[in-house]
Amino acid sequence: MRVIACCKAAPEEQDIVVNGDGTLSFERAAWKFGSYDLNAVEAGRQLVEQVGGEVIGLTVGGEALASAKLRKDIISRGLDSLNIVTVAGSAVPDTLQTAQLLAAGLGKVGSYDLVLCGAGSSDEYTQQVGNQLGALLGIPTLNAINSITPNGTTVTVERVLENEVQTLEVTLPAVLSLTSGANTPRIAGMKDILAAGKKETTETTAAALGVDTTTVSAQVSSVVAPKQTARQRTILEGDVAEVTTKLIELIGADLR
Amino acid sequence: MSENIWVVAQDAKAAGELCAGAQALGGVVHAVLLGCEEATKAAAANGAQTVVTASTPAANTLLEGYADALLALFEERGARLVMVQASTTGRLLAGKLASGLHTSALGATTLALDGEAVTVTYLVYGGTAVCTRRIISPTAVVTVGGGVFEAANAGADSAAIEQLTVTPNTPGITLKATAPKQGEQVNLSAAKRVIGVGRGFGAEGDLDLARSLATLIGAELACSRPITEGEDWMARERYIGVSGAVLKPDLYVAIGISGQVQHMVGVNQARTIVAINKDKNAPVFKQADVGIVGDLYTILPALTAALR
Ligand SMILES: Cc1cc2nc3c(=O)[nH]c(=O)nc-3n(C[C@H](O)[C@H](O)[C@H](O)COP(=O)(O)OP(=O)(O)OC[C@H]3O[C@@H](n4cnc5c(N)ncnc54)[C@H](O)[C@@H]3O)c2cc1C
């Protein structure tokens, strides 16, 4: 089985600094692949461990993807190779453009059985790239997939809706977006990280693929942090009886 | 905007809210009701002039199979904005429609008009910031969650009713079985006190420690996302955060929760925040009024006993 795992890198949100005026500063934020995209890599790896084949990473992004560390990190989570589509400048492509770029990137990868996406990217979390990609490719497409069982030319999947769980049979090739609980992504060991450096990475550009990334569907007007409520930050530590008594003393009215 | 806004809904609550929202935007409101004819009243009472009903598909197909028919409908009737209920099904439909209409599907926590353009806001970077986007494509496709708009139920209640006669079709996808999830009615947003549990709890049964405290102080039990999605210990409606419930209680007690931005954005409007965590460097302590550094397995029984 040839599985394509789509993944996107974004700045680590815990390290984004909110400036006095509410704008964001990314200087201290290292880039990392979204934690939910690791579910796609893991699901691909598990399928290949069952039936054989390979897991190929496919990512669209800007200059941050030049980082060897970032590349090694995603490969070490279970990829056999990585395909990178770079977009010029710092603009983040919207979901339609990303889907178009992934579709064009898939054309370069050759044949595939399954395209996997995470629940959503860690920056925009629109949860739409897999859906839009599947529609562009015109192949079976589903979201909120919790488990995948291979049976030759089809897969049986479990899909979680608000009030029910569906069991569906899906003809391959297909595009599936996962839930964040679909699996527990493996932690890469030293060996995986060393091996990652030797795995094949292929790079192309949006321009070379002939995808126009200049006209977005929606222009960003602003990105501003909401006002934070100031907190007391009283920290209690030590003897259990003492700290509970102190807590009740401090916020007793809220507890009774 | 005296232009056509189409609402796509799967239940009466969403039909009412989204139609009311579309009307508030000043559009000519039309609704497509997927497998919920009974929502016709709610749509009409909230301004829908046309209601197109699509019946529940045969047992082995999905509502998503109406995507092509909807695309044809919106192209024929000239939709300027398509507002889709933000369910799993609605999201997939929105993505298909957006690709067909050559635009990007966006999620919205607010939706407004800026001149002739539709403007949406939504949270980015795990809730660190609010992004505002102005949609410039000829048709906008937006998913809208519950509570973004309020149903007014004040309309004339006189919609033109049509029926979508196409048979839904999802080539390559066969629905084999459907199992109901044991549904639970939760209304976290009404709760004055909320206790949130996280991965610091080692086993499902241990949640009883938090449950006892919750019962004692009259709090609702909520959780972090991994508790509902990785573990399945609690109903999905109970997780707090950027992709879950956003609350404003008087008191929030985070127990065994690290305090990642994605979680805390759901409670940072709480009046008082208490955190219990054994890791003194856990980010949650920076966002708490009172923090107890300690093992929840000893703190909780002691706290419950002290309050009894
Ligand atoms: C796009 C995206 C959206 C997301 N949306 C949400 C969301 O809406 N809501 C949400 O909650 N998360 C969301 N997440 C996940 C979020 O990033 C965190 O992974 C999650 O909130 C962590 O849950 P946790 O605090 O329970 O677990 P952990 O981060 O694992 O923290 C467990 C904590 O328990 C403490 N602990 C362990 N044992 C004990 C003990 N015996 N006594 C006391 N303390 C103990 C540990 O010190 C630790 O701090 C999202 C992630 C992404 C990428």
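Treat the numbers as computed from the prediction; the structure is a model and nothing was measured. (Residues numbered from 1 in each chain as written. Chains lettered and ligands numbered in written order. Predicted model: local features only at pLDDT ≥ 70, side-chain atom pairs only at ≥ 80, totals over all residues. Heavy atoms only, no water.)

*Asks:* Before we go on, may I ask you to explain the packing of helix H4 (residues 129-137) of chain A against helix H4 (residues 88-100) of chain B in this structure?
*Replies:* For the pair H4(A) and H4(B), interaxial distance at closest approach is 8 Å and the crossing angle is 50°. What the angle tells us is that H4(A) and H4(B) run oblique. Note that H4(A) runs across H4(B); the crossing there is right-handed. Each of Asn131(A), Gln132(A), Ala135(A) and Leu136(A) in H4(A) lies in contact with H4(B), whose residues at this interface are Arg91(B), Leu92(B), Gly95(B), Lys96(B), Ala98(B) and Ser99(B). Here the residues of the contact of H4(A) with H4(B) are counted per class, giving four nonpolar, four polar and two charged. (Axes fitted to C-alpha atoms, helices over the stretch in contact; angles between N-to-C directions. Helix = DSSP H or I, 4+ residues; strand = E, 2+ residues; numbered from the N terminus. Parallel < 35°, antiparallel > 145°, perpendicular 65-115°, else oblique. Left-handed = near helix turned anticlockwise from the far one by under 90°. Contact = heavy atoms within 4.5 Å. Nonpolar A, V, L, I, M, F, W, Y, C, P; charged D, E, K, R; others polar.)

*Asks:* How do you make sense of the sheet that holds strand S14 (residues 218-224) of chain A when you look at a structure like this?
*Replies:* Paired through their backbone hydrogen bonds, the strands of a sheet run either parallel or antiparallel. Here we have four strands laid out as an open sheet, ordered S14(A)-S8(B)-S7(B)-S6(B), and antiparallel in their pairing. Edge strands, defined here as strands with exactly one partner in the open sheet, are S14 of chain A together with strand S6 (110-114) of chain B. Strand-to-strand twist of the sheet, defined as the mean angle between neighbouring strand axes without regard to direction, takes the value 25°. Relative to strand S8 (residues 129-135) of chain B, strand S7 (residues 117-124) of chain B runs antiparallel, the two being bridged by seven bridges. Paired with Thr121(B) across the two strands is Thr132(B), which belongs to S8(B). (Pairing = 2+ DSSP bridges.)

*Asks:* I would appreciate a short explanation of the pairing of strand S15 (residues 272-277) of chain B in the present structure.
*Replies:* Where a strand is regular, its side chains alternate between the two sheet faces. Residues and elements named next belong to chain B. Burial analysis of S15 places six of its six residues in the buried class, the great majority of the element. The side-chain alternation of S15 yields two buried faces, one formed by Thr272, Val274 and Ile276 and the other by Ile273, Ala275 and Asn277. Here strand S14 (residues 251-255) pairs with S15 via five bridges, running parallel. Each residue of the ladder has a partner; that of Ile255, found in S15, is Ile276. With four bridges joining them, S15 and strand S16 (residues 290-293) adopt parallel strand pairing. Pairing of Ile276 across the sheet is with Ile292, part of S16. (Buried < 20%, exposed > 50% of the residue type's maximum accessible area, 1.4 Å probe, protein only.)

*Asks:* What exactly am I supposed to notice about the interface of chain A and chain B here?
*Replies:* Frequently, the measure chosen for interface size is the accessible area removed from exposure when the parts meet. Across the contact, 77 residues belong to chain A and 82 residues belong to chain B. Ranking the residues of chain A by area buried against chain B places Arg231(A), Asp254(A) and Leu255(A) at the top, with a combined share of 10%. Between Asp254(A) and Arg271(B) there is a salt bridge, with its nearest N and O atoms 2.8 Å apart. Linking chain A with chain B are 56 residue pairs in polar contact (both at pLDDT 80 or more). (Buried area = accessible area lost by both parts, 1.4 Å probe. Salt bridge = Lys/Arg side-chain N within 4 Å of Asp/Glu carboxyl O. Polar contact = N/O pair within 3.5 Å; in protein donor to acceptor, adjacent residues only side chain to side chain.)

*Asks:* Would you mind showing me how to read the environment of Glu204(B) here?
*Replies:* All names here are of chain B. Position of Glu204 relative to the elements: it lies in the loop between strand S12 (193-197) and helix H5 (207-217). Glu204 gets classed as partly exposed once you look at its relative accessible area, which sits at 42%. Remark: the alpha-carbon pair of Glu204 and Trp6, spanning 198 residues in sequence, is separated by 44 Å.

*Asks:* Looking at this structure, I do not really get the domain arrangement of chain B. What am I missing?
*Replies:* Residue and element names in this part refer to chain B. According to the domain assignment, chain B consists of domain 1 (4-163) and domain 2 (188-307). On a C-alpha basis, the centres of domain 1 and domain 2 stand 34 Å from each other. Contacts between domain 1 and domain 2 engage five residues on the former and four residues on the latter. Regarding the contact of domain 1 and domain 2, the summed buried area is about 330 Å², with carbon and sulfur atoms giving 72% of it. Put simply, domain 1 and domain 2 have zero salt bridges between them. Our count for the domain 1 to domain 2 interface comes out at one residue pair in polar contact (both at pLDDT 80 or more). When the residues that make up the side of domain 1 that touches domain 2 are grouped by side-chain class, the tally is two nonpolar, three polar and no charged. (Domains from an automatic or database assignment.)

*Asks:* Whenever I open this one, the packing of H5(B) against helix H8 (residues 296-307) of chain B confuses me. Can you help?
*Replies:* Residue and element names in this part refer to chain B. Look at H5 against H8: their axes get within 10 Å of each other, and the N-to-C directions meet at 25°. The angle between H5 and H8 places the two elements in the roughly parallel class. Crossing geometry of H5 relative to H8 is assigned as left-handed. The residues of H8 that touch H5, namely those facing Leu209, Ala210, Ser212, Leu213, Leu216 and Ile217, are Leu296, Tyr297, Leu300, Pro301, Leu303, Thr304 and Leu307. Across the contact of H5 with H8, the residue classes tally to 11 nonpolar, two polar and no charged.

*Asks:* Got a minute to help me understand the pattern of salt bridges in this structure?
*Replies:* Enumeration over the complete set of coordinates arrives at 24 salt bridges over all chains. Among the ionic pairs, Asp123(A) bridges to Lys8(A), the shortest N-O distance being 3.0 Å. Note that Asp123(A) is positioned in the loop between strand S8 (114-117) and H4 and Lys8(A) in the loop between strand S1 (2-7) and strand S2 (9-11), a separation of 115 residues in sequence. Look at Lys8(A) and you get partly exposed, because its relative accessible area is 22%. Salt-bridge contacts for Glu64(B) lead to Arg159(A); the nearest nitrogen and oxygen are separated by 2.6 Å. Here Glu64(B) is found in the loop between strand S3 (50-54) and helix H3 (67-77), whereas its partner Arg159(A) is found in strand S10 (residues 154-160) on a different chain. Using a relative accessible area of 3% as the deciding quantity, one classes Glu64(B) as buried. Accessibility expressed as a relative area gives 0% for Arg159(A), which makes it buried. Bridged by salt links that share partners, the residues Glu12(A), Glu13(A) and Lys32(A) form one connected network.

*Asks:* I tried to follow a nonpolar patch on the surface on my own but got confused; where do I start?
*Replies:* Residue and element names in this part refer to chain A. Together, Met190, Ile193 and Leu194 make up an exposed nonpolar region whose accessible area comes to about 310 Å². You can see Leu194 is positioned in helix H5 (residues 190-196). Residue class for Leu194 comes out exposed when judged on its relative accessible area of 54%. (Patch = residues over 30% accessible without salt bridge, like charges linked within 9 Å, V, L, I, M, F, W, Y side chains within 5 Å. Areas by Shrake-Rupley, 256 points an atom, 1.4 Å probe, with all protein chains shown as cover.)

*Asks:* So what exactly am I meant to see when it comes to helix H1 (residues 12-24) of chain B here?
*Replies:* Residues that lie three or four places apart on an α-helix share one face, since the helix turns once every 3.6 residues. Residue and element names in this part refer to chain B. The terminal C-alpha atoms of H1, which comprises 13 residues, lie 18 Å apart, in line with the 18 Å expected from a rise of 1.5 Å per residue. Inspection of H1 places Ala14, Ala15, Gly16, Glu17, Leu18, Cys19, Ala20, Gly21 and Ala22 among the buried residues, and these make up the whole buried set. A distance of 3.2 Å separates the backbone nitrogen of Lys13 from a side-chain oxygen at the start of H1, and that oxygen is part of Asp11. (Expected span 1.5 Å × (residues − 1).)

*Asks:* Just to check I follow, could you spell out the packing of aromatic side chains for this structure?
*Replies:* In this description, a pair of aromatic rings is defined by centroid distance and the angle of the planes. All names here are of chain B. Within this structure, the stated rule accounts for three aromatic pairs over all chains. A centroid spacing of 5.4 Å and a plane angle of 50° characterise the contact between Trp6 and Phe74, whose relative ring orientation is tilted. Of this pair, Trp6 sits in strand S1 (residues 4-9) while Phe74 sits in helix H3, and the two are 68 residues apart along the sequence. Across this residue pair, the class does not change: Trp6 and Phe74 are buried. (Phe/Tyr/Trp six-rings, centres within 6.5 Å; stacked < 30°, edge-to-face > 60°.)

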